[in-house]
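Tertiary structure, described
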Amino acid sequence: MIPRYTRPEMGRIWSDENRFQTWLAVEVAATETLAEADLVPKEAAKAIRERAGFRLERIQEIETEVRHDVIAFTTAVAEIVGPHARWFHYGLTSNDVVDTAQALLIGQASAIIAEDLERLAEVLKRRAWEFKDTPQIGRTHGIHAEPITFGFKLANWYSETQRNIARFREAAEGLRVGKFSGAVGTFAHLSPELEEKICARLGLKAADISSQVIQRDRHAHYLATLAVIASTLDKIATEIRHLQRTEVREAEEFFSEKQKGSSAMPHKRNPVTCEQISNAQAAFENVPLWHERDISHSSVERVILPDSTTLVDYLLQKTTNLIDTMFVYPERMLSNLQSTRGLVFSGQLLLDLVEHGVSREDAYRMVQSHAMRAWKEDLDFRRLVLKDKNITRRVPIKQIEHAFDLKRQLRNINKIFARVFRDQKTAAGKQRGQARRRA
C-alpha cells in the first residue's frame, strides 16, 4: 500500500518486523504446548522462549539464498537460540506457522477496522439527529422526487454502517482460526488435541478441517466484506460530491481558511476528500487451490490482505472526518426543494384524487398535465391545480392545500428514527447478553 494511504497503526501491523514477530509467537506457543505434552524437552522450550529472536536483515540475507521465507526465518532464529533450536518448528509445516500467524495479523487489523466502523456509526448517528428535521428534496435518477430530511439520509447511512459492522464481525470471526495439521492436513506428526491447545494459547480456534492451508473461502468472505464496506463509503462520498456541486450546494466537505482549491481559480472549493474516496475478485480466485495446496494464493495474499485492510482503514477514517466536519446548508436545501414550485407534491395530490373516487389512470392524467406544463413553462404547480375545476370539484380546496403541506410529507420521520436507533440499541443489548453468557 502506498505510504500516504497507510495510517501508522495499520502500517505497523503489516510490517515485516511484526509479521516475523507473529511467526515467532506462533512457534513459541507450539513449542511450549508440545513441551507440556512431553514431546519437546522442557529445557529446550524454556531456551526457545527466552532466547528466540531474529534480525530482519539476516532473514532477508538467508532468503536470497534458499528462496524460502519460512526456512530463512527458522534458520535465522536457530542461529540465535543455539543447540536447543533443533526443537524449534518441531512437527510443523510452513503453513502451520504462516496461516496461523496470518490469522493473528488479520485479527490485529480487524480490531482497528472494527473501531473505525464504530466511530463512523457514532458520527453518522450524531449528525443524523442534528438534521433530523431539516427538509431536503429526495432525488431519484438525479431528479427531484419527494421531500425527505437530511437527517433521514444520514440515518440511512448509519443503518447501512450497522449492517457493515455485523457483516464484518462475522467475517473477522471466520478468520479467527489456526491450524497445525501438517503438510496435507491429516495430523501425521501432531494431533487434533494438540492443535486445539496451541490455538487456544494464541486466542484462536482450531479449524475443523484443513489441507496444508486454512481454506480460502474464509479469506474471500473477509475481503468481500471489506469490498462491501468500501462500497458504502463510495456511496457516501459520491452523494456529498453531488450535494457540493455549485448548482446544488446543499452540503460541502470542510474547507479551511488557508486551503486552496485551484492554482488558477481562487473561487474553487473542490471536494478533494470525496474524490479520494477491490481486491475481492483476487480472493475469490484463491479459493480453488490445486489438491491440498499450491502456491498461487501466497503471493496474492501478501498484497491483497495488507492493501485491503489498510485502504479500508484509511477510507473509514477519511469518511468519518468528512461527515464530522461537513458544512450543511439547510436554507439551500429548502430553496432547492421549493425550486420546482410544488411539483414534488404531485404524488400526494394523485392519492387524494383517487380517495375521492377518481380512477388512478384519470387522476394520473389530470395531475401530470399540470405538472408537465409547470415544468416546461416554469409555472406554479399548485396554482394551476387550484384553477382546474375538474380537480377542485372533486377534492375540497382545503385538502388540496393539505397535499402541499411539507410537514404532512415528513410526518413519519420521528417513527423512522425511533425504529432505526431503537433496533440498534436492542441489537447491542442482545450482543452484550450473549457475551456475558459466553463468559
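This structure is a prediction, so every number in the text was calculated from the model and none was measured.

**Some thoughts on the overall build of the protein chain**
Counting secondary structure elements, the protein chain contains 20 helices and 6 strands. Here the protein chain holds 439 residues, and 47% of them are scored as buried. Summed over all atoms, the accessible surface of the protein chain reaches about 23,200 Å², with 51% contributed by carbon and sulfur.

**A closer look at empty space enclosed by the protein**
Each pocket or cavity is described by its volume, and for the largest cavity that value is around 30 Å³. In terms of lining residues, the largest cavity is bounded by Asp99, Gln102, Ala103, Ile106, Leu175, Val177, Ile214 and His219. Per-element accounting of the lining of the largest cavity gives the leading share, 4 residues, to helix α6 (residues 94-130). For the lining of the largest cavity, the class distribution of residues is 5 nonpolar, 2 polar and 1 charged.

**Concerning the environment of proline 41**
The residue proline 41 is located in the loop between α2 (16-36) and α3 (42-51) in this model. Proline 41 sits 43 residues away from histidine 84 along the chain, and the two C-alpha atoms are 9.0 Å apart. Beyond its immediate stretch of four places on either side in the chain, proline 41 contacts Ala35 and Trp87.

**Let's talk about the packing of helix α4 (residues 56-66) against helix α5 (residues 69-81)**
For the pair α4 and α5, interaxial distance at closest approach is 8 Å and the crossing angle is 130°. One element, α4, and the other, α5, form an angle in the oblique class. Relative to α5, α4 is oriented so that their crossing is right-handed. Together, Arg58, Ile59, Ile62, Glu63 and Val66 of α4 and Asp69, Ile71, Ala72, Phe73, Thr75, Ala76 and Glu79 of α5 make up the contact between the two elements. For the contact of α4 with α5, the residue count by class is 7 nonpolar, 1 polar and 4 charged.

**A closer look at the nonpolar core**
Counting residues in hydrophobic clusters, the biggest one holds 50 residues, and the most contacted among them are Ile113, Phe150, Leu154, Tyr222 and Ile323. No other element matches the 11 residues that α6 contributes to this core. What isoleucine 113 contacts, discounting residues up to four positions off in sequence, is Met10, Phe168, Tyr222, Leu226, Thr309, Val312 and Leu316.

**Re the pattern of salt bridges**
Tallied over the full model, the rule gives 26 salt bridges. Put simply, arginine 176 and glutamate 173 hold a salt bridge, and the shortest N to O gap is 2.9 Å. Its relative accessible area of 33% is what places glutamate 173 among the partly exposed residues. Each of Arg7, Asp116, Arg119 and Asp313 takes part in a single network of salt bridges with overlapping partners.

**A look at the confidence of the model for the protein chain**
On average, residues of the protein chain score 87 in pLDDT, and 84% of them reach the 70 mark or higher. Segment residues 260-268 is flagged for pLDDT under 50; beyond a separation of four residues in sequence, or across chains, it makes 6 contacts in the model.

**A short note on α4**
When we look at burial in α4, the residues that qualify are Leu56, Ile59 and Ile62. Across the axial projection of α4, the buried residues extend over an arc of 130°, all falling on one side. Turned more than 90 degrees away from the buried face of α4 sit Glu57, Thr64 and Glu65, all of them exposed. Buried residues in α4 make contact with α2 and α5. Of the residues trailing α4, arginine 67 is marked for its positive phi of about 60°.

**What to know about the packing of helix α14 (residues 346-355) against helix α15 (residues 360-377)**
Axis separation between α14 and α15 bottoms out at 9 Å; the angle between their running directions is 140°. Taken together, α14 and α15 sit at an angle that is classed as oblique. Taken as a pair, α14 and α15 cross one another with a handedness that is right-handed. Residues Ser346, Leu349, Leu350, Leu351, Leu353 and Val354 of α14 lie in contact with α15, whose contacting residues are Arg360, Ala363, Tyr364, Met366 and Val367. For the contact of α14 with α15, the per-class residue count stands at 9 nonpolar, 1 polar and 1 charged.

**Side note on the pairing of strand β1 (residues 135-140)**
As paired elements, β1 and strand β2 (residues 143-149) share 5 bridges and run antiparallel to each other. By the bridge assignment, threonine 140 is partnered in β2 with isoleucine 143. Count of turn residues in the β1/β2 antiparallel hairpin: 2 residues, of which histidine 141 carries a positive phi of about 60°.

**Quick look at the packing of aromatic side chains**
Applying the stated criterion across every chain, the model contains 15 aromatic pairs. Aromatic side chains tyrosine 158 and phenylalanine 421 sit 4.7 Å apart centroid to centroid with 40° between the ring planes, which places their arrangement in the tilted category. Both residues of the pair, tyrosine 158 and phenylalanine 421, belong to the buried class. Ring centres of phenylalanine 168 and tyrosine 222 lie 5.6 Å apart, and the angle between their planes is 45°; this geometry places the pair in the tilted category. Remark: tyrosine 222 occurs in helix α9 (residues 217-244) and phenylalanine 168 occurs in helix α7 (residues 150-174); sequence separation between them is 54 residues. The pair phenylalanine 168 / tyrosine 222 is uniform in exposure class, with both members buried. Pairwise contacts between aromatic rings join Phe20, Trp23, Phe54, Phe73 and Phe88 into one cluster. The aromatic ring of phenylalanine 20 is capped on one face by arginine 19, whose charged end is 4.5 Å from the ring centroid. The side chain of arginine 19 reaches across the aromatic face of tryptophan 23, ending 5.3 Å from its centre.

**Focus: the side chain of serine 94**
Along the chain, serine 94 falls in helix α6. When near neighbours in sequence (up to four residues on either side) are disregarded, serine 94 contacts His68, Val70 and His89.

Rules used in this analysis
Just so you know, the residues in each chain are numbered from 1, in the order the chain's sequence is written. With the structure being a predicted model, the display of local features is reserved for residues of pLDDT at least 70 and the display and counting of side-chain atom pairs for 80 or more, all residues being used for whole-chain, interface and lining totals. The basis for every side-chain value is the complete set of non-hydrogen atoms in the structure, without hydrogens or water. Secondary structure elements follow DSSP: runs of H or I of four or more residues count as helices, runs of E of two or more count as strands, with numbering from the N terminus. Any residue under 20% of the maximum accessible area for its type is buried, any over 50% is exposed, and the rest in between are partly exposed; the area is computed with a 1.4 Å probe on protein chains only. Throughout, the Shrake-Rupley method with a 1.4 Å probe supplies accessible areas, and for residues the shown protein chains are the sole cover considered. Think of a 1 Å grid over the protein atoms and nothing else: a 1.4 Å probe that fits but is trapped marks a cavity, an open set flanked by protein within 12 Å on at least five of seven lines marks a pocket, and residues with an atom within 4 Å of a point count as lining. Grid points are joined across faces, edges and corners, and a volume is the space filled by probe spheres set on the points. In this count, Pro and Cys sit with the nonpolar residues alongside Ala, Val, Leu, Ile, Met, Phe, Trp and Tyr, while Asp, Glu, Lys and Arg are called charged and the others, Gly among them, polar. Contacts between residues were defined by any pair of non-hydrogen atoms, one from each residue, lying within 4.5 Å. Only the stretch in contact is used when fitting a helix axis, every axis being a line fitted to C-alpha atoms; angles between N-to-C directions are given from 0 to 180 degrees. Angle categories are assigned with fixed cut-offs, so that under 35 degrees is roughly parallel, over 145 is roughly antiparallel, 65 to 115 is roughly perpendicular, and the rest are oblique. Each crossing gets its handedness from the near helix: less than a right angle anticlockwise from the far helix is left-handed, clockwise is right-handed. For this analysis, a nonpolar core means a set of buried residues of the types Ala, Val, Leu, Ile, Met, Phe, Trp, Tyr and Cys, connected via side-chain atoms within 4.5 Å. Whenever Lys or Arg places a side-chain nitrogen within 4 Å of a carboxyl oxygen from Asp or Glu, that contact is recorded as a salt bridge. Residue-level confidence of the predictor, termed pLDDT, takes values from 0 up to 100. When we speak of the arc, we mean the arc of directions from the helix axis to the C-beta atoms. Here, a strand pair is defined by DSSP locating no fewer than two bridges between the strands. Aromatic pairs are defined between Phe, Tyr and Trp rings, using the six-membered ring for Trp, whenever the two ring centres lie within 6.5 Å; interplanar angles under 30 degrees are classed as stacked, those over 60 as edge-to-face, and all others as tilted. Comment: the charge-over-ring label is applied if NZ (Lys) or CZ (Arg) is within 6 Å of the ring centre and within 35 degrees of the ring normal.

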